[in-house]
Amino acid sequence: MIKDWRTGRATRSLGQALSDGYIAVFGFLLVGAMIVNVVVQAQGVVSECSSQACTSARELLPWATFALCVAAALVLSRLFGPVLASAAEGFWLLDAPVQRSRLLWPRLLGITIAGLVIGMLAGGLISALTGSPLDEIIVWGIGTGLAASASIAFAAAEQGAERHLPTRLVSYLFGLVGLVALLAVIAVAAGWLALTIDVTRGTQIGFALIAASAIVLVLSAVLALGRLNQIRRTRLLSGGALVSGISGAFFALDFGLIRDIVVDRRAMEIGHVRSKPGRGIGLTPLIWREAQRLARSPQPLLWVALSLVVPYAVDALGMGSVMPIFAALVLFGAMVPMLNGLRVLTRTGGLARSMPFSTKAIKRAVVAVPAVVALLWAIAVVPAFLGFEGEHHPFGTAVLMAVVTGAAGFLGAVRWTTGKPPNFGGPAVASQFGAIPPGLIIGLIRGFDMALLITAPLLLGLSPVISLVIAAIVAIVLLSLDWESMKSQAEEQQKQLRAERERRG
């Protein structure tokens, strides 16, 4: 009945569907060819490096990708289900005396295949960027894809058994393995550790991982299919509601709202916490509150610590010239979870107006703790900018480059957090896709533009002082200028001026 209802009310003709499909395939091939060209060129450059640091990175980074893909698959599976149902289906179909497996097994199959494809792309891409030969790229791609697919099937089997602890422990275990592999790359590049790696056994190890992942995939899929009828309706509907909310936010391209939905889901799982009193007077309680928030939920510090690996790994691969932009973008993503207070006060104007402080003072107070974390990050990556191999920067230049990179990531996160959602009630821009609000496209590059703007002089080989000046200007604009208050003051002045003219007339 569901299939007949959906397929019997098509709104497009066959010719329109074929035309849209042709455009989609052409665009995919065009963009794919550009990406493949970039990967091939990078692979050729990295494959010429024969030092111990490059060899260790070439052999260890696929392991790190393998482990981190498994951990990410388990985390996302536990967040969404991975098996889920919509509210409408839960209202009338799941209450009916029918087998739930008839409805749920295609969804389990689809999400498992999606994990396989994404894992293969991630594993093959990292292997290619590290300069591995073609056979190892194929083997590691297939192994990573099968491992990610097996992780999703394992999470589905645990969902049917109403167990969450094994999935969480396995995700932590593989995340730790990936971190250890990345740290080993850094240790070899820095000369702290000497690894004797047999580069001829990469393919054999990959085949062993493929066999182990395939066995886990088959066993987990059989268990998951057998337990589909045991999954409770509330668990299915919670994942469906989360997907519905995120899909609506994706439709509006409001990535901040997507993160708010995920944070709300985590808060609902925790339930309640024990309240703690604040300290100080004036702006001090806001700073203290951010420190308390970070101490209560230290997970953002873990992401910042993981981002320290990126500049060292990039330098170990001999790509020090593009290190600032890569490190800034990764730090930008890691700093966003630390700016929850800034987001709340930015999106909730009434809460900010209830405090006897200006908006710019409130912004500077709530970003004080994340700014200190970004400064510590910059200090920790100074050795990476000094250089392990190849071109070495003087100490003063390396310090300035590290500070600029940290400022780029931090200010990019501030820009992303304080950005407003697109205004669908205002004037729109006509396009082939329909009416598009002007802020919709800007939201896609928000934060990334600041990271690229600040690190652009470093990428062009200019002095770090230029980037430092740009970072100072961006900080003044983001944290000192209150556009809303300036706009309201201008409107009030115009109103008073009109009233004065009417009185004189």
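Rules behind the numbers
Residues numbered from 1 in each chain as written. Predicted model: local features only at pLDDT ≥ 70, side-chain atom pairs only at ≥ 80, totals over all residues. Heavy atoms only, no water. Helix = DSSP H or I, 4+ residues; strand = E, 2+ residues; numbered from the N terminus. Buried < 20%, exposed > 50% of the residue type's maximum accessible area, 1.4 Å probe, protein only. Contact = heavy atoms within 4.5 Å. Areas by Shrake-Rupley, 256 points an atom, 1.4 Å probe, with all protein chains shown as cover. Salt bridge = Lys/Arg side-chain N within 4 Å of Asp/Glu carboxyl O. Phe/Tyr/Trp six-rings, centres within 6.5 Å; stacked < 30°, edge-to-face > 60°. Patch = residues over 30% accessible without salt bridge, like charges linked within 9 Å, V, L, I, M, F, W, Y side chains within 5 Å. Lys, Arg positive; Asp, Glu negative; His and termini not counted. Charge placed at Lys NZ, Arg CZ, Asp CG, Glu CD. 1 Å grid on protein atoms, 1.4 Å probe; cavity = no way out; pocket = protein on both sides within 12 Å on 5 of 7 lines; lining within 4 Å. Points joined across faces, edges and corners; volume = space filled by probe spheres on them. Nonpolar A, V, L, I, M, F, W, Y, C, P; charged D, E, K, R; others polar. Arc of directions from axis to C-beta. Axes fitted to C-alpha atoms, helices over the stretch in contact; angles between N-to-C directions. Parallel < 35°, antiparallel > 145°, perpendicular 65-115°, else oblique. Left-handed = near helix turned anticlockwise from the far one by under 90°.

## Focus on the overall build of the protein
In terms of helices and strands, the protein carries 24 helices and 2 strands. Expressed as a percentage of its 505 residues, the buried residues of the protein come to 38%. When contacts within the protein are restricted to residue pairs at least 6 apart in sequence, long-range pairs at least 24 apart make up 77% of them. Total accessible area computed for the protein in this model is approximately 28,000 Å², and 70% of it derives from carbon and sulfur atoms.

## Focus: the environment of Ile113
Along the chain, the position of Ile113 falls in helix α5 (residues 100-129). Once the C-alpha coordinates of Ile113 and Gly145 are considered, the two residues, 32 residues apart in sequence, prove to be 9.1 Å apart.

## Thoughts on the pattern of salt bridges
Side chains that carry opposite charge are capable of pairing whenever their charged atoms lie near each other. Using the criterion set out here, one finds 4 salt bridges in the structure. The partner of Glu290 in a salt bridge is Arg293, and the shortest N-O contact between them spans 3.5 Å. Of this pair, Glu290 and Arg293 both sit in helix α11 (residues 284-296), 3 residues apart, which is roughly one turn of the helix. Here Arg503 makes a salt bridge to Glu500, at a shortest N to O gap of 2.4 Å. Taken together, the residues span about one helical turn, with Arg503 and Glu500 both in helix α24 (residues 483-504) at a distance of 3 residues. Several salt bridges converge on common partners, so that one network encompasses Glu500, Arg503 and Arg504.

## Some words on the packing of aromatic side chains
Going through the model one piece at a time under the given rule, you end up with 2 aromatic pairs. Taking 5.4 Å as the distance between ring centres and 70° as the angle between the ring planes, the aromatic pair formed by Trp63 and Trp140 counts as edge-to-face. With Trp63 in helix α3 (residues 52-80) and Trp140 in helix α6 (residues 134-160), the pair connects residues that are 77 residues apart, well separated along the chain. Relative to Phe448, the ring of Phe332 has its centre 5.0 Å away and its plane inclined at 85°; by these criteria the two rings are edge-to-face.

## Points about a nonpolar patch on the surface
There is a patch of nonpolar side chains on the surface, built from Trp105, Leu109, Ile113, Val117, Leu121 and Leu225 and spanning about 570 Å² of accessible area. Considering the arrangement of structural elements, one finds Leu225 in helix α8 (residues 202-226). Residue classification places Leu225 among the partly exposed residues on the basis of a relative accessible area of 43%.

## A look at a positive patch on the surface
Side chains of Arg274, Lys276, Arg289 and Arg296 sit close together on the surface and give a patch of like positive charge. Along the chain, Lys276 turns up in the loop between α10 (255-270) and α11. A residue is classified by how much of its surface remains accessible, and Lys276, at 55% relative accessible area, is exposed.

## A closer look at the side chain of Ser171
Tracing the chain through its elements places Ser171 in helix α7 (residues 165-190). Judged by its relative accessible area of 8%, Ser171 falls in the buried class. If sequence neighbours within four positions are ignored, Ser171 has contacts with Ala71, Leu74 and Val75.

## Re empty space enclosed by the protein
Per the counting criterion, the structure on display carries 2 cavities of 30 Å³ or more. Here the second largest cavity is characterised by a volume of approximately 50 Å³. Taken together, Arg78, Gly81, Ala155, Glu158, Gln159, Arg163, His164, Thr167 and Arg235 make up the lining of the second largest cavity. It is α6 that provides the largest number of residues to the lining of the second largest cavity, a total of 3 residues. Grouping the amino acids of the lining of the second largest cavity by side-chain chemistry returns 1 nonpolar, 4 polar and 4 charged.

## Re helix α22 (residues 448-459)
All of the buried residues in α22 are Met450, Ala451, Ile454, Thr455, Pro457 and Leu458. Seen from one end, α22 has its buried residues packed into an arc of 140°, which puts them on one side. In this structure, the buried residues of α22 make contact with α14 (323-335), α20 (395-418) and α23 (464-479). Backbone geometry just after α22 places Gly461 at a positive phi near 80°.

## Focus on the side chain of Thr417
Of note, Thr417 is situated in helix α20. When near neighbours in sequence (up to four residues on either side) are disregarded, Thr417 contacts Leu339, Leu342 and Arg343.

## Description of the packing of α20 against α23
Their axes nearest at 9 Å, the elements α20 and α23 cross at an angle of 25°. Here α23 runs roughly parallel to α20, going by the angle between their axes. As α20 runs across α23, the sense of the crossing is left-handed. Taking contact as the criterion, the partners of Thr397, Leu400, Met401, Val403, Val404, Ala407, Leu411, Val414 and Arg415 in α20 are, on α23, Pro464, Val465, Ser467, Leu468, Ala471, Val474, Ala475, Leu478 and Leu479. Class assignment of the residues belonging to the contact of α20 with α23 gives a composition of 15 nonpolar, 2 polar and 1 charged.

Any link to function would need more than the numbers given here.
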